[in-house]
Amino acid sequence: MYEALDHAHGGEGHWAFGTGFDEPLAGVDTTVPDGIDPADLGEYCLVLGDDALVLAQRLTQWITAAPELEEEVAIANVALDLLGQARLLLARAGSVGVLGRSRDRATESIPDEDALAYFRDLDEFRNSGLVEAPNGDFARTMVRLLVAATVRLAVFTRLRGSRDPVLAAIAAKGVNELAYHRDHAARWVLRLGDGTAESHRRAQAAADTVWPLLADVFTATDVERRLTEAGVAVDPADVREEVSSVLTQVLDQATLRVPAWPADTAPRGRVGEHGPELAELLGTLQGLARQHPAATW
Amino acid sequence: MSLTSEGGHGAVPTGAEIPVEPRPAASRRDWPLYEVFVRGKRGLNHVHVGSLHAPDDEMAVHAARDVYTRRNEGVSIWVVKAADITASSPDEKDPLFAPSGDKVYRHPTFYEIPEDVPHM
Amino acid sequence: MSAPTLERPAPDEAALQRQFDATIAADHRIEPRDWMPEGYRRTLIRQVAQHAHSEIIGMQPEGDWLLAAPSLRRKAILLAKVQDEAGHGMYLYSAAETLGADRADLTDKLIERKQKYSSIFNYPTLSYADVGVIGWLVDGAAICNQVPLCRSSYGPYARAMIRICKEESFHQRQGYELLMTMMRGTDEQRAMVQDSVDRWWWPSLMMFGPPDDDSPNSAQSMAWGIKRHSNDELRQRFVDMSVPQAEFLGVTLPDPDLTWDEQSGHWRFGAIDWDEFKRVISGHGPANDERIARRRAARDDNAWVTEAATAYARKHDGGRPAEEHAGSAA
């Protein structure tokens, strides 16, 4: 049936993600450089990977519910980028043997990225509270995306110089994507903040709800501290100023009041402390895969 | 109900009970329509690829990237409000540019030249 | 500055009609500003709009599995596919707009159930095998319908279809590949695939519409070149393609009357339950209400977003000078 099309256009596929969808780290040298603790490296990849996975899942909840079809397509693009980052990072964690308790349940046929995504328990997830909070309305979704993408972009920009070449490569690929995500969210925050009275009210409420979620984002865990010293990771405290400056700039222009910056607290999400909202999200994410632990998809 | 297989996914009602004419109230709610032009690769002209709705120029060019290039890099995109385009035949149903065969001398094939003339 | 408006001779309708007929006869394309008979225009708006609605509503049955896709690879594939369908809806609404329709208005007509969408999307997706079977059978049937539309006599529609068909071919392949993977998996997975084929086979055959002798508007559409093959012709082609694919997969098609007819070189199949078809398309399918409710919610719950962006554009000269904010850095 496709022959009829061949004359009409070149054979080159036009979707961004190809039809290959191979193993994320296929063909990559995954040797860990000397002086880096593989267990720490894997744990750090879970921190970064789980943030991406959980935020991708949150954004996917907008599909078939977004305002206007153009925005549907844009949100799907962001979610696909984040899903791609999650796959690479979880595969990197698996490649250094960090699999938590997932292998107790997942059979050999299941690749590392899926063992980690589908067969870890709640307390093994390392994402921050920032990404795990529910979407709320479109304003809250875009304010949260703005904040999360700004933080992540600042971290990834620095991670391009990581001593782990795999992590550095993942970061380099992610930087362009994250800049796009941040800018998309910023355009919306601007339009909602400076749009109608109602959108302004909603955007302000969104900022007021999202800002407190920054409390445990900038406190390094022991793993992050050790890896920062080893030249592998980025201490989140180091990006605080940059993040604050970008967010202030956007909110100011959006005629929104910048909420009080929350006091730092000890890491919670990063050490596996999560609320019922993540439990629910994981229930949906993992349910089918767990019903068929010996299946291949 | 009269049903016909038309469109991509099969039979749908096709009788007079299906309204087609727009009501102006909804049109006013919509974001403006933009036409999208993409330069697929260097060396080529921008080509019209389709249209989309956006609230303003900036959102339009980014939506165009999301929808019509699915974010492949290395292309150049133009967007223009459909309402800002001046067309050669402003009066619809005007046969101004109906195909006509009366100016064949404009076409290179009108001129018969022996095949052995070099570089023609 | 502008020239005086001078009167022109009144257009000669008969000449315009002759010109239109000649364009169709020569298999050339009709373009938006051409004169066209009112019936042609109305038929096209209806066809393209209901095609667009089908793409947009068609996101939902598969979209229901996006959050629960059983591997990250499958999740990415499905998300890219559902995203494509949003794009396809957009291309088609755009084509309808070249005929004087309006997307927001067409969306309202969908939500008010005045315009319809393909009945196939009123069936629920009960297992992940449904994602594969939708790709294989439903998208396969759609491809049979859609490939000829790439030569539709209306230019914007034909061009939208070329783009869509190009993307659809990935959709069908991912579906079949998922089913092959599942058939190589566990007994439970194989049972899921068979159950799914049992549920989707007949609705897929119904996608081609009523038999030719019960499809009153088909003849005019074929004469206008906006429909290229008859319902029964396309249905037969689909069955002939699918039977060997089912054999290769190792599933049974739920039709005891399915037999190879040596003489005609076609597979003969059993009678289709057209009563069920009519029930489902008139709104009594298992999932009609849910499908429409979700479109309505997307429109109504986010109306304030659309308005906000419009208000911002009004304040800021069409959003043009936005260079200061962080957003324009890239």
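As a reminder, the structure under discussion sits directly above these lines.
The model shown is predicted, which means the values in this text are computed figures rather than measured ones.

Colleague: Please clarify how the overall build of chain A should be interpreted in this entry.
Modeller: Each helix and strand counted, chain A has 11 helices and zero strands in total. Written out in order from the N terminus, the α and β elements of chain A read α-α-α-α-α-α-α-α-α-α-α. Against the globule reference of 19 Å for 297 residues, chain A gives a C-alpha radius of gyration of 20 Å, in line with a compact fold. A principal-axis box enclosing the C-alpha atoms of chain A has dimensions of 60 × 55 × 35 Å. Counting all 297 residues of chain A, 59% fall into the buried class. For chain A, the share of sequence-separated contacts (at least 6 apart) that also reach a separation of at least 24 residues comes to 77%. Summed over its atoms, the accessible surface of chain A is roughly 10500 Å², and 51% of this surface lies on carbon and sulfur atoms. Measuring between centres, the 27 positive side-chain charges of chain A sit 4 Å from its 46 negative side-chain charges.

Colleague: Quick question: what am I supposed to make of helix α7 (residues 165–193) of chain A here?
Modeller: Within an α-helix, residues lying three or four positions from one another point in the same direction, as the helix has 3.6 residues per turn. All names here are of chain A. The end-to-end C-alpha distance of α7 is 41 Å, a good match for the 42 Å that 29 residues give at a rise of 1.5 Å each. The largest bend along α7 measures about 35 degrees and falls at V175. Counting buried residues in α7 gives 24 out of 29 residues, a clear majority hidden from the surface.

Colleague: Sorry, what's going on with unusual backbone geometry here?
Modeller: Apart from glycine, the bulk of residues carry a negative phi angle, and the bulk of peptide bonds sit in the trans form. Residues and elements named next belong to chain A. Of note, the phi angle at T64 is positive, near 75 degrees, even though the residue is not glycine. Mapped onto the secondary structure, T64 falls in the loop between α2 (38–60) and α3 (69–95). Relative accessible area serves as the criterion here: at 3%, T64 is assigned to the buried category.

Colleague: Would you take a moment to explain the interface of chain A and chain C for this structure?
Modeller: Interfaces are frequently sized by the accessible area removed from exposure as the parts join. Contacts between chain A and chain C engage 70 residues on the former and 69 residues on the latter. Across the chain A/chain C interface, buried area totals approximately 6200 Å², and carbon plus sulfur atoms make up 68% of it. The interface formed by chain A and chain C contains three salt bridges. R103(C) serves as the salt-bridge partner of E68(A), at 3.2 Å between the closest nitrogen and oxygen. Across the chain A-chain C interface, the total number found is 19 residue pairs in polar contact (both at pLDDT 80 or more). Class assignment of the residues belonging to the side of chain A that touches chain C gives a composition of 37 nonpolar, 18 polar and 15 charged.

Colleague: How should I be thinking about the interface of chain A and chain B in this particular structure?
Modeller: Counting residues at the interface gives 13 residues for chain A, matched by 15 residues for chain B. Interface area for chain A against chain B, summed over the two sides, is near 1500 Å², with a carbon-plus-sulfur share of 53%. Viewed at the interface, chain B and chain A are joined by two salt bridges. At the boundary of chain A with chain B, the tally comes to six residue pairs in polar contact (both at pLDDT 80 or more). Sorting the residues of the side of chain A that touches chain B by element identifies α3 and α7 of chain A as the ones contributing at least two each. Across the side of chain A that touches chain B, the residue classes break down as five nonpolar, two polar and six charged.

Colleague: Would you explain the packing of helix α6 (residues 129–146) of chain C against helix α10 (residues 231–249) of chain C in this entry?
Modeller: Residues and elements named next belong to chain C. Packing of α6 against α10 brings their axes to within 10 Å, and their N-to-C directions diverge by 145 degrees. Viewed along their axes, α6 and α10 form a crossing whose handedness is right-handed. On α10, the residues touching W136, L137, G140, A141, C144 and N145 of α6 are L234, F238, M241, S242, Q245, A246 and L249. Its residues placed into classes, the contact of α6 with α10 shows nine nonpolar, four polar and no charged.

Colleague: What's the story with the pattern of salt bridges in this structure? I'm lost.
Modeller: Oppositely charged side chains may form a pair once their charged atoms are brought near each other. A full pass over the atoms with the stated rule returns 49 salt bridges over all chains. Note that D137(A) and R202(A) form a salt bridge whose closest N and O atoms lie 3.0 Å from each other. One end of the pair, D137(A), is in the loop between α5 (129–132) and α6 (138–159); the other, R202(A), is in helix α8 (residues 197–210), with 65 residues separating them in the sequence. Ionic pairing is found between K81(C) and E85(C), a salt bridge with its closest N-O pair at 3.7 Å. With K81(C) and E85(C) both in helix α4 (residues 72–97) and four residues apart, this pair spans about one turn of that helix. Pair check on accessibility: K81(C) and E85(C) agree, each one buried. Taken together, the shared-partner salt bridges in this structure form one network comprising R101(A), R105(A), D121(A), D123(A), E124(A) and R290(A).

Colleague: Before we go on, may I ask you to explain the side chain of N122(C) in this structure?
Modeller: Residues and elements named next belong to chain C. Mapping N122 onto the fold places it in the loop between α5 (103–111) and α6. For N122, a relative accessible area of 1% translates into the label buried. In this structure the side chain of N122 is engaged in a polar contact, spanning 2.6 Å, whose partner is the side chain of Y117. Of note is the side chain of N122, whose polar atom sits 3.4 Å from the side chain of N288.

Colleague: Looking at this model, I keep getting lost on the nonpolar core. Mind explaining?
Modeller: Across soluble globular proteins, nonpolar side chains show a tendency to be buried alongside one another. Among the nonpolar cores identified, the biggest contains 214 residues, and Y44(A), L52(B), Y40(C) and W136(C) are the most heavily contacted of them. For this core, the element with the most residues is α3(A), which contributes 15 residues. Excluding residues that lie within four positions of it along the chain, W136(C) makes contacts with Q172(C), G175(C), Y176(C), L179(C), V197(C), S242(C), Q245(C), A246(C), L249(C), V251(C) and L253(C).

Colleague: It is not clear to me how the packing of aromatic side chains should be interpreted in this structure. Could you clarify?
Modeller: Aromatic ring pairs are described here by two measures, namely the spacing of the ring centres and the angle between the planes. With the rule as written, the count across this model stands at 16 aromatic pairs over all chains. Plain terms: the ring middles of W188(A) and W31(B) are 6.3 Å apart, the flat faces sit at 35 degrees to each other, and that makes the pair tilted. Taken together, the residues span two chains, with W188(A) in helix α7 and W31(B) in the loop between α1 (24–29) and β3 (33–39). Both residues of the pair, W188(A) and W31(B), count as buried. Ring centres of F20(C) and Y40(C) lie 5.0 Å apart, and the angle between their planes is 75 degrees; on these two criteria the pair is classed as edge-to-face. Placement of F20(C) in helix α1 (residues 13–25) and of Y40(C) in helix α2 (residues 38–57) is noted, with a sequence separation of 20 residues between them. Neither residue differs from the other here; F20(C) and Y40(C) are each classed as buried. One aromatic cluster is present, built from ring pairs that chain together W62(A), F138(A), W188(A) and W31(B). Across the ring face of F125(A), the terminal group of R120(A) is positioned such that the distance to the ring centre comes to 4.1 Å. Against the face of Y91(C) rests R163(C), its NZ or CZ located 5.3 Å from the ring centre.

Colleague: When you look at the side chain of R92(A) in this model, what are you seeing that I'm missing?
Modeller: Following the sequence through the fold, R92(A) ends up in helix α3. In this structure, R92(A) is in contact with L25(A), T30(A), T31(A), V32(A), L41(A), C45(A), D164(A), V166(A) and I170(A), ignoring residues within four places of it in sequence.

Colleague: Before we go on, may I ask you to explain the packing of α7(A) against α8(A) in this structure?
Modeller: When two helices pack together, their arrangement is given by the angle between their axes and by how far apart the axes lie. Residues and elements named next belong to chain A. Running from N to C, α7 and α8 cross one another at 125 degrees; their axes reach a closest spacing of 7 Å. Here α7 is positioned oblique relative to α8, judged by the angle of their axes. Across the interface between the two elements, R191, L192 and G193 of α7 pack against S199, H200 and A203 of α8. Residues belonging to the contact of α7 with α8 are distributed by class as follows: two nonpolar, three polar and one charged.

The rules behind each value
- Residues numbered from 1 in each chain as written.
- Chains lettered and ligands numbered in written order.
- Predicted model: local features only at pLDDT ≥ 70, side-chain atom pairs only at ≥ 80, totals over all residues.
- Heavy atoms only, no water.
- Helix = DSSP H or I, 4+ residues; strand = E, 2+ residues; numbered from the N terminus.
- Rg over C-alpha atoms; globule rule 2.2 N^0.38 Å.
- Buried < 20%, exposed > 50% of the residue type's maximum accessible area, 1.4 Å probe, protein only.
- Contact = heavy atoms within 4.5 Å.
- Areas by Shrake-Rupley, 256 points an atom, 1.4 Å probe, with all protein chains shown as cover.
- Lys, Arg positive; Asp, Glu negative; His and termini not counted.
- Charge placed at Lys NZ, Arg CZ, Asp CG, Glu CD.
- Expected span 1.5 Å × (residues − 1).
- Bend = angle between axes of the 7 residues up to and from the residue.
- Buried area = accessible area lost by both parts, 1.4 Å probe.
- Salt bridge = Lys/Arg side-chain N within 4 Å of Asp/Glu carboxyl O.
- Polar contact = N/O pair within 3.5 Å; in protein donor to acceptor, adjacent residues only side chain to side chain.
- Nonpolar A, V, L, I, M, F, W, Y, C, P; charged D, E, K, R; others polar.
- Axes fitted to C-alpha atoms, helices over the stretch in contact; angles between N-to-C directions.
- Left-handed = near helix turned anticlockwise from the far one by under 90°.
- Core = buried A, V, L, I, M, F, W, Y, C linked by side-chain atoms within 4.5 Å.
- Phe/Tyr/Trp six-rings, centres within 6.5 Å; stacked < 30°, edge-to-face > 60°.
- Lys NZ or Arg CZ within 6 Å of the ring centre and 35° of its normal.
- Parallel < 35°, antiparallel > 145°, perpendicular 65-115°, else oblique.

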